[in-house]
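Descriptive analysis of the structure
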Amino acid sequence: MLRLRNLTCGYGRTPVVHDVSLDIGADEVVAVMGHNGAGKTTLLRAVVGLIPVMSGTIELARPDGTYETINRRPANRRVKAGMAYVPQGQQCFAHLTAGENLRLVADGRRHGKTLIDTQLDRFPALRGLLNRQAGLLSGGQRQQLAIARALITEPRLLILDEPTEGIQPNVVAEIESTIVDLARDGGLSVLLVEQHLGFALQAAARFSVLRSGRVASTGATGDGAVERVREAMAI
Amino acid sequence: MDLLVGQVFTGLSTGSILLLAALGLSLTFGQMGVINMAHGEFIMAGCYTAYVTQQLVGDAGASLLIALPVGFLVGGAMGLILEAVLIRHLYHRPLDTLLVTFGVGLVLQQVARDVFGAPAVNVTVPEALRGGVDLLGTTVPKTRLFILALAVVAVTAVTLVLRFTPAGRRIRAVVGNRDLAETAGISSRAVDAGTFFIGSGLAGVAGVALTLIGSTSPTTGQSYLVDAFLVVVAGGMGRIKGAVVAAVALGTFQAVFETYSTASLAKVGVFIVIVVFLQLRPQGLFTLRTRSLA
Ligand SMILES: Nc1ncnc2c1ncn2[C@@H]1O[C@H](COP(=O)(O)OP(=O)(O)O)[C@@H](O)[C@H]1O
Ligand SMILES: [Mg+2]
């Protein structure tokens, strides 16, 4: 679904992420881990098109399975190509209502209302909040809204940046089970950035650990993965 | 009593003129943060649109009705071109934008001078809008009432579009969080262009309306520009509600001040009041986070 080849990216002229290669197959969940400041968010921002690629390539699978390089494609057109992004920090359009946050992405799609309804069934708590300003919702509610907003675009690749960071514990379990369900239902690949080791290794088939912007370790989750990740993260 | 009613009405009327001139700017400057010094020339283009339409159509009433939408398209098209050719490349560079659009404004004034000549031209007021209406003991010119009504319609239309249409949602989303909007599949470039089209189109509409109460010359728009910026800043960037309150307040203040002094002294008074007000409340009457000038 997604292939990164020797990707280097950063801010201004300063590279932050160096020479990262990563593969995510169809229907596969891949976890990217690393300490704060390791470059996880920066990597995702390049993948979704918010910062430019300095060198290397980002390749995205077309529906027929062949790959195309999308290095220079604007962010909004990557969404049309099947990418959806849930950024770190439960970001919403704070001045729009929760309902408007969803309609915004459903506008212009066929069966937009059905798409919204499907996500409201997934997150029933949002139903009663549709007329509330999104900026006034709790962190957990905003994260659910952000995931619903991403899923309305009917992605083939879902990119999540620390989806449970800073969220009240009762909602964390709910969001984690949503991610596991999505992966199990198929038709969706997931790139999951996560510091919470237990959940990442449970949800993902493979992992990569970033340290100072470089891949320090990569492999399949399963026996011994916890130790390998711990070792790679240790400074 | 009569004097008071008269002044309140003059204030509302002056306010509605200010508001029409400023409404488009509250989108392009207030929402998008673009300092477009050529906004006044888009108003001027609307004035000449009314003039040309009347030359072609003849009947003053019909030509006014035709000129209003045509003025919107003329202003909008000019804005669209300016955005695509220059402003697009200058986002986040307010000073460059200011200088470049100031230059464009001067060029447009010269073009108007070459095409229409330097002396002012006049548009005939339709029969139906001549004379006045007696209102609470004072006579109110019908042209002023028309402009007041047009301002109410324009503000209502903009508010409804922003609040209830897909395009309005996209504009609010891009203003609120450009990166998030892009990653939600919204082309912020298309939204910028669309917002600029509407904002500049409204300047054109204002221009058409202004021909009812004054003559048109190449520098007509310039005289409204500063007032329009003041209304947007005083109202709070990007807040239509704020622009309405600020325009009416400034209009009333100016009207009252004028009765006791002169028009130019009133202008100075308005300036002083706004400077003092912005010292006390730099964010304006109402606040909304906007980009680039945040
Ligand atoms: N907008 C920015 N401009 C410049 N440097 C940044 C910016 N955002 C993050 N960085 C730097 O890039 C590095 C990686 O940050 P980030 O990708 O956010 O890490 P992570 O998501 O793994 O915690 C950090 O050193 C951080 O200071
Ligand atoms: Mg991060």
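Because the structure is a prediction, the values reported are computed rather than measured.

Quick look at the overall build of chain B now. In terms of helices and strands, chain B carries eleven helices and two strands. Ordered by position in the sequence, the α and β elements of chain B form the string α-α-α-α-β-β-α-α-α-α-α-α-α. Taken against the 2.2 N^0.38 rule, which gives 19 Å for 294 residues, the C-alpha radius of gyration of chain B at 19 Å falls within 12% of a compact globule. Along the first, second and third principal axes, the C-alpha set of chain B runs to 60 × 45 × 35 Å. Split into buried and exposed, the 294 residues of chain B put 52% on the buried side. Considering only contacts in chain B between residues 6 or more positions apart, those separated by 24 or more positions represent 77%.

Below, the discussion takes up unusual backbone geometry. The backbone phi angle of D27(A) is positive, close to 60°, even though this residue is not glycine. Locating D27(A) in the fold gives a position in the loop between β2 (14-24) and β3 (29-33). The phi angle at H92(B) is positive, at roughly 70°, despite the residue not being glycine. Note on placement: H92(B) falls in the loop between α3 (60-85) and α4 (94-116).

Turning next to helix α5 (residues 142-164) of chain B. Every α-helix winds through 3.6 residues per turn, so residues three or four apart in the chain are directed the same way. Counted at 1.5 Å a residue, the expected span for α5(B) with its 23 residues is 33 Å, and the 32 Å between its end C-alpha atoms agrees. All of the buried residues along α5(B) are T143(B), I147(B), L148(B), L150(B), A151(B), A154(B), V155(B), V158(B) and L162(B).

A few words on the pattern of salt bridges. Side-chain pairs of opposite charge can arise whenever the charged atoms involved come near each other. The full count for this structure, using the stated rule, is 17 salt bridges over all chains. Ionic pairing is found between E83(B) and R88(B), a salt bridge with its closest N-O pair at 3.2 Å. In this structure R88(B) comes out as partly exposed when scored by relative accessible area, which is 22%. Taken together, the salt bridges that share partners define one network made up of R62(A), E68(A) and R73(A).

As a further point, take the sheet that holds strand β6 (residues 83-86) of chain A. Residues and elements named next belong to chain A. Taking strand neighbours across the sheet as the criterion, the six strands line up as β6-β7-β8-β3-β9-β10 in an open arrangement whose pairing is mixed. The open sheet has two edge strands with one neighbour each: β6 and β10 (214-220). With strand direction ignored, the average angle separating the axes of adjacent strands in the sheet is 15°. When strand β7 (residues 157-161) meets strand β8 (residues 189-193), the two strands line up parallel, connected through five bridges. Paired with L158 across the bridge in β8 is V190. Helix-sheet contacts for helix α8 (residues 225-233) involve β3, β9 (206-211) and β10, and the interaxial angle to β9 is about 15°.

This next bit is on the coordination of the magnesium ion (ligand 2). At this site the magnesium ion (ligand 2) is bound by T41(A) (OG1) and Q88(A) (OE1), with donor distances of 2.0 to 2.3 Å. With T41(A) in helix α1 (residues 40-48) and Q88(A) in the loop between β6 and α3 (98-106), the pair connects residues that are 47 residues apart, well separated along the chain.

Before going further, it helps to spend a moment on helix α9 (residues 220-235) of chain B. Residue and element names in this part refer to chain B. Helix length check: α9 (16 residues) gives 24 Å between terminal C-alpha atoms against 22 Å at 1.5 Å per residue, within 8%. Taking the largest bend as the criterion, α9 deviates by roughly 25°, centred on V226. Counting buried positions along α9 gives twelve out of 16 residues, so the element sits mostly inside the fold. Residues of α9 that are buried include every one of T220, G221, Y224, L225, D227, A228, F229, L230, V231, V232, A234 and G235, and no others. Phi turns positive one or two residues past the end of α9, at G236, with a value near 100°.

We now examine the UniProt feature "transmembrane region" (unreviewed entry) in chain B. All names here are of chain B. The UniProt entry lists residues 64-87, 145-162, 196-216, 228-250 and 262-280 under the feature "transmembrane region" (unreviewed entry), expressed in the numbering used here. A distance of 31 Å separates the end C-alpha atoms of residues 64-87, which is 92% helix and 0% strand. The annotated region residues 145-162 carries 100% helix and 0% strand content, and the separation between its end C-alpha atoms amounts to 26 Å.

What counts and how
Residues numbered from 1 in each chain as written. Chains lettered and ligands numbered in written order. Predicted model: local features only at pLDDT ≥ 70, side-chain atom pairs only at ≥ 80, totals over all residues. Heavy atoms only, no water. Helix = DSSP H or I, 4+ residues; strand = E, 2+ residues; numbered from the N terminus. Rg over C-alpha atoms; globule rule 2.2 N^0.38 Å. Buried < 20%, exposed > 50% of the residue type's maximum accessible area, 1.4 Å probe, protein only. Contact = heavy atoms within 4.5 Å. Expected span 1.5 Å × (residues − 1). Salt bridge = Lys/Arg side-chain N within 4 Å of Asp/Glu carboxyl O. Pairing = 2+ DSSP bridges. Axes fitted to C-alpha atoms, helices over the stretch in contact; angles between N-to-C directions. Donors = N, O, S within 2.8 Å, 3.2 Å for Na, K, Ca; no water. Bend = angle between axes of the 7 residues up to and from the residue. UniProt positions renumbered as here; feature names shortened; annotations may be inferred.

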